[in-house]
Amino acid sequence: MVNCSTTCPDPGPSGIETFLKKTQVDKGPQWKEFLLEDVTENSILQCFFSCAGIQKDTSLGITVYQPPEQVILDLQPAWVAVNEACTVKCQVPSVAPLENLTLTLLQGNQELHRKNFMNLDVASQRAEVTINVKAQREDDRCNFSCRAELDLSSHGGGLFHSSSAIKVLRIFEFSQSPQIWVSPFLEIGMAEAVSCELTRVFPAREVMFYMFLGDQELSPFVSWKGDMAWANATIRAMETGDQELSCLVSLGPMEQKTREPVHVYSFPPPVLEIEELYPSAGTDINVTCSGHVLTSPSPTLRLKGAPDLPAPGEPAWLLLTAREEDNGRNFSCEASLEVQGQRLIKTTTMQLHVLYQPRLEESDCPGNQTWVKGTEQMLACIPKGNPTPTLVCTWNGVIFNLDEPQKATQNHTGIYCCTATNQLGSVSKDIAVLVQGLDEGISSTIFVIIIVALGVGIITIALYLNYKPCKIERRKLPYRQKEKNKEEESQFAVQQAEKCNAHNC
């Protein structure tokens, strides 16, 4: 709407001149109001009135404006390596008048760059600003935005402003290749721990690990500390032969893959067979050591105790007669297999249990036992046998308690009948128990000491007396001249020896 008015008290012809489509919508004695349509660009119109035959006019400039409704911010790239440049670009596709526009780039609340368009072509309706930012670790996850302001105050208008959507800049460091830690040899069906490690990476907590054994995807557990990230997994190979363990690591747009060859082999423990694990003493038994049917190629076998090593691929065996001393004997079957230049060894062990009847030996169950009156005593008797025998001792027809110590009295003197029993038989033995008083024990000890002392004294005196006459006789020997021949010296020596023997020297 445009209003054209005058102060002339009696105006003549009046109106407006413009190339725009206009329609008079209202008027008064000194004014007229027009509707302008399809205003798409800046223009100038003339308002004129005739007063007293003189035409007067004035011009009015029309400015068309387009608020910055759309502000677009772009970060290239969205993930940028440390110390690399990132391009921050802001653009407004449609805005007018351009000379009244200001674009401001912000990092968080900090102003990075401001640009106005005073000296640009006013015919353009597109605004753009671009800067480069050097990426640092501390900039990771920083917010970037762009603010557009259209100030029409110089044209009698207001201030229009708009902002872009916030963009987050990601910073990363990924310069090293991942490393796989795995044994070069894997046994089929056996669980094996593997790991994949990446160092000098940022941010470590956002690293993604994908691990595969051949086509089998693993389920790694990821950990991180500082600038290091790693993944641990458990693999269980189900096919023999050469395979490949791979680890794919990704961080943002970056990916790196590492591969490690592994060889899967089959080597179950060897088979150890004992013809009878619980033979009776005197039984002949066979012990065989053979390779498992799933072991390929055939392993080298060795049976502990076997006299000879078997031929390759042949089992090892041993024939023996079970003895009591073989009870608890361990047999081991050892298999060795060479896998790509490395020798692997597995061993299977079994224990032999020889069964034999109970025995009550003097060393473990003495037939005569002396107890000191008033002291805590237990009947000393440990039976031998396999299975372990049960021992029952009776005294005067009553079962004697063998589990708890008893205070010795004179009433415990007597004969105890002990019987050891297992599944193979039983054996009995009488044990004589003598209970002595404490004084009797001391007197006996003193008596023994006196007898021993007297014996030692008599022997010492006898030796002294026998030695002294021999010494005297040697002093009485005449001095022999050097001119005596050897025969005379020999005869003299024989005579002296006979003389000493006569004195019990």
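Residues numbered from 1 in each chain as written. Predicted model: local features only at pLDDT ≥ 70, side-chain atom pairs only at ≥ 80, totals over all residues. Heavy atoms only, no water.

> Is there a simple way to explain the pairing of strand 7 (residues 72–76) in this structure?
Put simply, side chains in a regular strand alternate between the two faces of the sheet. Side-chain alternation along strand 7 places Leu73 and Leu75 on a buried face and Ile72, Asp74 and Gln76 on a face that remains uncovered. The pairing of strand 7 with strand 9 (residues 85–92) spans five bridges and is classified as antiparallel. Looking at the pairing, Ile72 lines up with Gln91 of strand 9. (Buried < 20%, exposed > 50% of the residue type's maximum accessible area, 1.4 Å probe, protein only. Helix = DSSP H or I, 4+ residues; strand = E, 2+ residues; numbered from the N terminus. Pairing = 2+ DSSP bridges.)

> How do you make sense of the side chain of Asn100 when you look at a structure like this?
Counting through the fold element by element, Asn100 comes out in the loop between strand 9 and strand 10 (101–107). At 3.5 Å, the side chain of Asn100 forms a polar contact with the side chain of His155. Look past the residues within four positions of Asn100 in its chain and what remains in contact with it is Glu149, Leu150, Asp151, Leu152, Ser154 and His155. (Polar contact = N/O pair within 3.5 Å; in protein donor to acceptor, adjacent residues only side chain to side chain. Contact = heavy atoms within 4.5 Å.)

> How should the sheet that holds strand 39 (residues 414–422) be read in this particular structure?
Backbone hydrogen bonds hold the strands of a sheet together, and the pairing may be parallel or antiparallel. Reading across from one edge, 33-40-39-36-37 is the order of the five strands in this open sheet, with mixed pairing throughout. Each edge of the open sheet carries a strand with a single partner, namely strand 33 (368–372) and strand 37 (398–399). As paired strands, strand 33 and strand 40 (residues 425–436) are joined by five bridges and run parallel to one another. In the strand pairing of strand 40, Thr370 is matched with Leu434.

> What is the right way to look at the state of the cysteines in this model?
Every disulfide links exactly two cysteines, by a covalent bond between their sulfur atoms. According to the stated counting rule, one finds seven disulfides in the structure shown. With a sulfur-sulfur separation of 2.0 Å, Cys196 is cross-linked through a disulfide to Cys247. Sign of the S-S torsion, about -95° for the bond between Cys196 and Cys247, identifies this disulfide as left-handed. Taken as a pair, Cys196 in strand 18 (residues 191–198) and Cys247 in strand 24 (residues 241–251) lie far apart in primary sequence, 51 residues in all. (Disulfide = S-S within 2.5 Å.)

> Sorry if this is basic, but what is going on with the confidence of the model for the chain here?
Low pLDDT marks stretches whose predicted atomic positions should not be read closely. Across the chain, the average pLDDT comes to 85, with 86% of residues at 70 or higher. Within the model, pLDDT remains below 50 along residues 467–505, and this stretch shows 17 contacts once partners closer than five positions in the same chain are excluded. (pLDDT = per-residue confidence, 0-100.)

> Would you mind going over the environment of Pro184 with me for this structure?
Mapping Pro184 onto the fold places it in the loop between strand 16 (179–181) and strand 17 (185–187). For Pro184, a relative accessible area of 44% corresponds to the partly exposed category. On a C-alpha basis, the gap between Pro184 and His263 in space is 6.1 Å, while along the polypeptide they are 79 residues apart. When neighbours within four sequence positions are excluded, Pro184 is seen to be in contact with Val262 and His263.

> Whenever I open this one, the pattern of salt bridges confuses me. Can you help?
Where charged atoms from two side chains of opposite charge come close, those side chains can pair. Evaluation of the coordinates by the stated rule reveals 22 salt bridges. Residue Glu361 pairs with Lys384 through a salt bridge whose shortest N-O separation is 3.4 Å. A residue pair is termed long-range when its members are at least 10 positions apart, and Glu361 in the loop between strand 32 (356–359) and strand 33 and Lys384 in strand 35 (residues 384–386) qualify at 23 residues. Among the charged side chains, a network of salt bridges with common partners joins Glu324, Arg359, Glu361, Asp364 and Lys384. (Salt bridge = Lys/Arg side-chain N within 4 Å of Asp/Glu carboxyl O.)

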